[in-house]
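Here are the chains, one letter per residue:
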Amino acid sequence: MSRPARTPLACALGLALAAPAALAADATGPAWALCRAPEALGPMRPSPMPAVDAATRARTPLRIDAGRLDVSGEKETVFRDRVELERADQWVGTEELRYQHDAGTWSSPGPLRYEDARLRMAAASAEGKEDDDRTTLRDVRYQLADASAGNGTATTATREGTRSTLVDATFSTCPPGHRQWAFEASTIEIDDESKSGVAQGATLRIGDVPVLWLPWVRFPTTDERRSGVLAPTIGYNDVNGADVQVPYYLNLAPNYDATLTPRWLSRRGLMLGAEFRYLGDRSRGELAGTWLPDDDVAGRDRGILRWQHTTALSADWYAAADVQDVSDTGYLRDFGSDFGRNTQTLLPSSALLAGRGEGWSTALSVERWQAANPAVLPGSEPYSRLPRLRARWAPVLGDGRIEPRIDVEAVRFAHDALAGGRRFDVTPRLRLPFGGASWFATPTFAWRHTAWSLDADPTAPGRDRRPQRDVPITSLDAGMVFERDAGGGRWLQTLEPRLFYLRVPYREQDALPLFDTQPLSFGWPGLFRENRFSGADRQADANQLTLAVTSRLLSSADGRERLSASLGRIEYFDPPRVRLPGEDLGDPGGSAFVGEIDWRISDAWSVSTAQQWNPGRRGTDLSAVRTQYRFSERALLNASYRYRKDLLEQADLSFAAPLTAEWRAVGRWAWSLREQRTLEALAGLEWRSCCMAVRVLARDYIRDVGGDRNLGVYLEIELNGIGRFGRDSERLLSDGILGHSP
């Protein structure tokens, strides 16, 4: 008598496949508190079982329980009164089940209930035929076991062999009776063998409004990748007008795929985008690009190409490439959608072969930069490094008490408009770290040798084409750590004085070339550097002593740092003399005082500040203050102020504030006090329920360094368990609002 009972189980399993579970695989777990109590299907079986695979189900014997068994009929067997069929994690319950022996058919007048680890289902009635392996259920309601993952209905559900068909089917992650969105289809056909389904007459409704209709659409029934249309992106801005992107994903092979993205810009035309990704045993990479033929505004073809690649050659060696090329300097300004990318001035490209092991590392690379903004004057791009070789040897000797190291760099510089050359730089050094639990002292001795071989330069016919520079570098870094209990034992306070003496003799360097050297930004790390320049073209002279102190306040209960305050300054015994053209060396007696405070007032509120006060000018060189207050996981307020003498003075305010349980407002305002203008203004509203979210954002920002502005409006609709339609606002908000979370 077990034969007729298998068919309802098979039918229910087919319906589980027919339900759009693949669409719900990425559900983010809606908050049911934002919806009224769901009228969903609750647990049905007395004791739920964990999920098992198909093979385990096949091996598990079928158990049938019924209050009464009627075998009086010659051609029919009837189970009545709390009929339960159970196999592994599958369970079927009904009040009556009839089996016709000669016809090989069975029927249940219902109601019929089904549950497994993945699905719960209820049907008004069911019938089936053994020979055809066919089962039909009527007036079906189903729900995935995780109520937030989806539920729906169907007028009829038929399972025949490996194929399932649903008629007048619906699916949504909203609770039944409170449909804020739903997919509806006249028919859905599922094929187990192809692991795919086809929906005909499919409609997406938001509320009662149909927003998308597809006469025919194919979708996967498993988590396997499959070709198809991805969620479109829709936006608008002053420069490009309406902006619509409809990506199409191509699942070419298990280890490589592609995405084609037609992008319609109402003021410019049709742009074509493509992305190809590949993955090997040791390699992975991505090739992406766009092409806009005959831009209606610029009157020329425009596009960008980028190739990123990484290969692991062995446990110690790898190769990497990041190659970019853009059609014109205005491309990123006009089409760069990422925050800040529209003001990017240079586009770097590089290829690298690198290795490292115990006590050594080396890298051979080529690097170039392309102007990516009209503000970059022709010929002002950085020198290309074709190639650049770097190596470091740092063995550990004497149980770490002796630390020798040699750094080597060899570079060939090239430029389209300027004379290039070659540079060799080597620095052997010896560190001797001493110390204990509460103190340290590390003397360092180094010698830096740098040699150039310069190309002929018509603008400087008499210069030395093979200059050299040799300079010794000596330093002593020492400090102590004092601790004491504070606040009656609730706190641990530290006092950490530190001194750093640096001696580098002066060498005349005004006649040396400048290939890649720039002054480094001065701050707390700058108090303890051996060189205030990047690159090897300049080595700063020094006879100076840094005096600094840091104090921390830590919780005795959990060790968390609540307060940190630091103050330091460099005292010059001899004023620095090496400088770059036009560089101001500042106060000959010493650097600015550098102060930093990081105060975590509570778990929700933090304040940090950095200040640089120049006693020679009796004024502030740099000031920065930032505070953040978190009202809850999704609510915060940021405020900051930045000042750098003769360069900028800006204020920045951003927030994410829930208005109700469903509504949240977000915004950012960045204002230049120096120029008296808005740098960026961002405002938006988000409505979120248990099963969907709608975001509307407006952004007014400076689109290039020339000060031209742009206004963009973005709409995003997120259907939990399905995906997002419209502009991906999360990255925009994460970049603009510090600490933002969805």
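Residues numbered from 1 in each chain as written. Predicted model: local features only at pLDDT ≥ 70, side-chain atom pairs only at ≥ 80, totals over all residues. Heavy atoms only, no water.

Visitor: Lay out the overall build of the protein chain in plain terms, naming residues and giving numbers.
Guide: Scanning the protein chain for helices and strands turns up 4 helices and 44 strands. Residues classed as buried in the protein chain amount to 41% of the 742 residues present. Counting contacts in the protein chain only where the partners sit at least 6 residues apart, residues at least 24 apart contribute 48% of the total. Taken as a whole, the protein chain presents about 37,100 Å² of accessible surface, with 56% of it coming from carbon and sulfur. (Helix = DSSP H or I, 4+ residues; strand = E, 2+ residues; numbered from the N terminus. Buried < 20%, exposed > 50% of the residue type's maximum accessible area, 1.4 Å probe, protein only. Contact = heavy atoms within 4.5 Å. Areas by Shrake-Rupley, 256 points an atom, 1.4 Å probe, with all protein chains shown as cover.)

Visitor: Describe helix α4 (residues 729–736), and please don't skip the residues or the numbers.
Guide: All of the buried residues along α4 are S729, E730, L732, L733 and G736. What you see down the axis of α4 is that its buried residues fit within an arc of 165°, all on one side. Where α4 is buried, its residues meet β39 (648–658), β40 (663–672), β41 (677–688), β42 (692–702), β43 (709–719) and β44 (723–726). (Arc of directions from axis to C-beta.)

Visitor: Which residues make up the nonpolar core, and what values do they have?
Guide: Ranked by internal contacts, the top residues of the largest apolar core, which has 34 residues, are L119, M121, L137, V140, L166, W181 and I188. Counting 14 residues, the second largest nonpolar core, distinct from the first, contains A446, W524, L527 and A548. (Core = buried A, V, L, I, M, F, W, Y, C linked by side-chain atoms within 4.5 Å.)

Visitor: Provide a residue-level description of the packing of aromatic side chains, including the pertinent values.
Guide: Applying the stated rule across the entire model yields 15 aromatic pairs. On the numbers, 6.2 Å between centres and 65° between planes, the contact of F171 with W181 is edge-to-face. With F171 in strand β10 (residues 163–171) and W181 in strand β11 (residues 181–191), this residue pair connects regions lying 10 residues apart in the sequence. You'll find F171 and W181 in the same group, each marked buried. Seen from their ring centres, W605 and Y629 are 6.0 Å apart, and the 75° between their planes marks the pair as edge-to-face. Taken together, the residues span a long stretch of sequence, with W605 in strand β36 (residues 605–614) and Y629 in strand β37 (residues 619–632) at a distance of 24 residues. Under the relative-accessibility criterion, W605 is labelled partly exposed at 37%. (Phe/Tyr/Trp six-rings, centres within 6.5 Å; stacked < 30°, edge-to-face > 60°.)

Visitor: Describe in detail the confidence of the model for the protein chain, supporting the description with residues and values.
Guide: Per-residue confidence for the protein chain gives a mean pLDDT of 86, with 90% of residues at or over 70. Low pLDDT, under 50, characterises residues 1–33; the predicted model gives this stretch 91 contacts beyond four residues in sequence or across chains. (pLDDT = per-residue confidence, 0-100.)

Visitor: So what's going on with the state of the cysteines? Residues and values would help.
Guide: Two cysteines joined by a covalent bond between their sulfur atoms form a disulfide. Across all of its chains, the model carries 1 disulfide by this definition. Residue C174 pairs covalently with C691 via a disulfide, S to S 1.9 Å. Taking the sign of the S-S torsion, 80° for the link of C174 and C691, the bridge is right-handed. Taken together, the positions of C174 in the loop between β10 and β11 and C691 in the loop between β41 and β42 put the pair 517 residues apart, joining distant regions of the chain. With a relative accessible area of 0%, C174 lands in the buried category. (Disulfide = S-S within 2.5 Å.)

Visitor: Any details on the pairing of strand β22 (residues 317–326)? Residues and values, ideally.
Guide: Pairing between strand β21 (residues 302–312) and β22: 9 bridges, direction antiparallel. By the bridge assignment for β22, Q308 is matched with D322. Linking two consecutive strands that pair antiparallel, namely β21 and β22, is a turn of 4 residues. Bridge analysis of β22 against strand β23 (residues 346–357) gives 6 bridges, and the strand direction is antiparallel. Among the inter-strand pairings, W317 is bridged to a residue of β23, identified as G355. (Pairing = 2+ DSSP bridges.)

Visitor: Provide a residue-level description of the side chain of S623, including the pertinent values.
Guide: With respect to the helices and strands, the residue S623 is situated in strand β37. At 2.8 Å, the side chain of S623 and the side chain of Q611 are in polar contact. (Polar contact = N/O pair within 3.5 Å; in protein donor to acceptor, adjacent residues only side chain to side chain.)

Visitor: Tell me about the pattern of salt bridges, residues and numbers included.
Guide: Enumeration according to the criterion identifies 58 salt bridges in this entry. Across the salt bridge formed by E675 and R677, the nearest N and O atoms sit 3.0 Å from each other. Each of R268, D295, R300, R302, D328, R333 and D334 takes part in salt bridges that share partners, so that together they form one network. (Salt bridge = Lys/Arg side-chain N within 4 Å of Asp/Glu carboxyl O.)

Visitor: Run through a nonpolar patch on the surface, naming residues and quoting values.
Guide: Residues F434, W439, M480, F482, L495, V549, L567, F593 and W613 make up a contiguous nonpolar surface patch of roughly 830 Å² in combined accessible area. Residue placement: M480 occurs in strand β30 (residues 468–480). Relative accessible area serves as the criterion here: at 41%, M480 is assigned to the partly exposed category. (Patch = residues over 30% accessible without salt bridge, like charges linked within 9 Å, V, L, I, M, F, W, Y side chains within 5 Å.)

Visitor: Explain unusual backbone geometry to me, using residue names and the numbers behind them.
Guide: Cis peptide bonds are those with omega within 30 degrees of zero, and the linkage from G110 to P111 qualifies with -10°. Not every positive phi belongs to a glycine, and R82 is a case in point at roughly 55°. Within the secondary structure layout, R82 lies in strand β3 (residues 76–87). Classification of R82 as exposed rests on a relative accessible area of 56%.

Visitor: How would you explain the side chain of T427 if you had to name every residue and give the values?
Guide: By secondary structure assignment, the location of T427 is in strand β27 (residues 421–431). The class for T427 is buried, based on a relative accessible area of 6%. Here T427 is in contact with R405, I406, D407, A446, W447 and R448, once residues within four sequence places are set aside.

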